[in-house]
Amino acid sequence: MNPAQEPYYYKYNSVANVVIMFEPMLTEDQRKLRDDVREFVRSVPRQLILDMDADRVQYPRDFVREAGRRGLLGLRFPAKYGGRGLGWKDEIVAIEEVGVLGTSLACAYVMPSIVGEALNAFGTDEQKEQWLKPLLSGEKVTAEALTEPRGGSDFFGTTAEARREGDHYILRGQKRFIVGAAKSDFFLVYARTNPGGPPHQSISAFIVERGTGVEAEYLYGLLGTRGGGTGRLVLRDPRVPARNLIGQENCASEIFYRMMIPERMTSAAGAIGMGRAGLEVATRYSDRRKTFGEKIRRFQGVSFKVADSITLLDAARGLVHAAACCVDANDDPGRCRRLVSEAKKFSTDAAWQVINHAMQIMGGIGYTSVYPVERLLRDTRLIMIWTGTNEIMDLIIQHEYYRELLAARSQVRDTEADAPEAQRTEEKVYE
Ligand SMILES: Cc1cc2nc3c(=O)[nH]c(=O)nc-3n(C[C@H](O)[C@H](O)[C@H](O)COP(=O)(O)OP(=O)(O)OC[C@H]3O[C@@H](n4cnc5c(N)ncnc54)[C@H](O)[C@@H]3O)c2cc1C
């Protein structure tokens, strides 16, 4: 086709081509990784995105298989299991790129990284061979079953139970909103093994294979993030071999805290890609659409929304990068928890605001299925809720900040004393 005749959307159909990444912050290897992921993202058929959004697909298995074939899954894990032995600083670069495809595909892409964390950090060599390897090759797909009908925020209130019987556990309970419930080959399930015991010493984590007694009984009608087979998983006494226990019995709190890093880092990094996708569509539109004889980008009401959006995304990327550095450096666990939570909260809030701006910039047409902004809007509404709501992120952030501040032995400077009447201790009344 003669480029001059190309429809507009062919010329600009690849959001991944645009460079808004912190170019100087990337190493040569990270640029290469980003370019490989961009090539993968470009290869994803448009029809898959449409079919998933229309719930004509229940899980994008081919997409995951292809990511595995290209060696792009679970980048942090050792090469002997199919990873690349990289760090979070690298993985966030890849996840941002996949994020431009929307939440459903990004979620399918990161699930091996999430469930893989439990296997890699707590699993035995046999478990890694049996479960981690096929996950990273894209041969098997998995899901994380944590949330229950009684609630997702209060993890330690888990009511699903696992009872030991010889060399098996018998599981009973329900898990809700599980992406991949419909099609996953196996699930990472948390269940109570010490009923009545202290909450932090009562829960265990298991790999549970799909089969008798493990069923997706209801698939949810979702606002967005469709095509992932999100359902209610019912465990009706499946016999799970004791060798499928991950880590020690009653010690899943350690696994849970560890898993919250990939859960939230992946949400945070993917959100930037989603925001980017919407912003690019809207920005290009504003450079073509005219009202009152002017391109709408000439109106501050429009162009300042672009400015606000790009600033939000760059700030989010900075925070996600800082969190990645903190985790990679094995920094204080509380500080890592705070930064990861800040990154998840800020990044997902930012993506929502950016997509909302994009829709406003585009006026009525942005609300239609002529442009993908309405899908991105439906998608991004979820990311402030899942992997821990942003209120739960606030809970963690303030908790860790108080803990760190009040435990500090010395201050950089006693700034409280820098007030003219600072010595008036009789006025400093606290009770
Ligand atoms: C489409 C979709 C996909 C999902 N995928 C998965 C998955 O694959 N696996 C999985 O395990 N889960 C999954 N989830 C579940 C998700 O993580 C939970 O919905 C989320 O953690 C919130 O739990 P909840 O819905 O039970 O809300 P609740 O815990 O009932 O919370 C309700 C409201 O109360 C607020 N709240 C609760 N406690 C506090 C508090 N202490 N302080 C302040 N505010 C509070 C919350 O922020 C929220 O606004 C998914 C959810 C959806 C909708």
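Note: the structure precedes this text.
Let me sum up the structure you'll find in this document. The structure displayed is predicted, hence computed values, not measured ones.

### Observations concerning the overall build of the protein chain
(1) Moving on: Secondary structure assignment for the protein chain yields 12 helices and 10 strands.
(2) Moving on: Judged by the C-alpha coordinates and their principal axes, the protein chain covers about 80 × 75 × 40 Å.
(3) Moving on: Taking all 431 residues of the protein chain together, the buried fraction comes to 51%.
(4) Moving on: The contacts of the protein chain with a sequence gap of at least 6 include a subset with a gap of at least 24, amounting to 73%.
(5) Moving on: Of the roughly 20,600 Å² of accessible surface on the protein chain, a fraction of 51% belongs to carbon and sulfur atoms.
(6) Moving on: A distance of 5 Å separates the average location of the 58 positive side-chain charges in the protein chain from that of its 58 negative side-chain charges.

### Focus on the side chain of E91
(1) Moving on: The topology assignment puts E91 in helix α5 (residues 88-99).
(2) Moving on: What makes E91 buried here is its relative accessible area of 2%.
(3) Moving on: A distance of 2.9 Å separates polar atoms of two side chains, one belonging to E91 and the other to R76.
(4) Moving on: At a separation of 2.6 Å, a polar atom in the side chain of E91 contacts the side chain of S113.

### Here's the deal with the packing of aromatic side chains
(1) Moving on: Within the structure shown, the criterion is met by 12 aromatic pairs.
(2) Moving on: Ring centres 4.9 Å apart and planes at 80 degrees place the aromatic pair F155 and F156 in the edge-to-face group.
(3) Moving on: Taking the relative accessible area as the measure of exposure, F156 reaches 14% and is therefore buried.
(4) Moving on: Within the aromatic cluster, the residues linked to one another by ring pairs are F155, F156, Y190, F256 and Y257.
(5) Moving on: The lysine or arginine in question, R381, covers the ring of W352, its NZ or CZ lying 5.5 Å from the ring centre.

The rules behind each value
- Residues numbered from 1 in each chain as written.
- Predicted model: local features only at pLDDT ≥ 70, side-chain atom pairs only at ≥ 80, totals over all residues.
- Heavy atoms only, no water.
- Helix = DSSP H or I, 4+ residues; strand = E, 2+ residues; numbered from the N terminus.
- Buried < 20%, exposed > 50% of the residue type's maximum accessible area, 1.4 Å probe, protein only.
- Contact = heavy atoms within 4.5 Å.
- Areas by Shrake-Rupley, 256 points an atom, 1.4 Å probe, with all protein chains shown as cover.
- Lys, Arg positive; Asp, Glu negative; His and termini not counted.
- Charge placed at Lys NZ, Arg CZ, Asp CG, Glu CD.
- Polar contact = N/O pair within 3.5 Å; in protein donor to acceptor, adjacent residues only side chain to side chain.
- Phe/Tyr/Trp six-rings, centres within 6.5 Å; stacked < 30°, edge-to-face > 60°.
- Lys NZ or Arg CZ within 6 Å of the ring centre and 35° of its normal.

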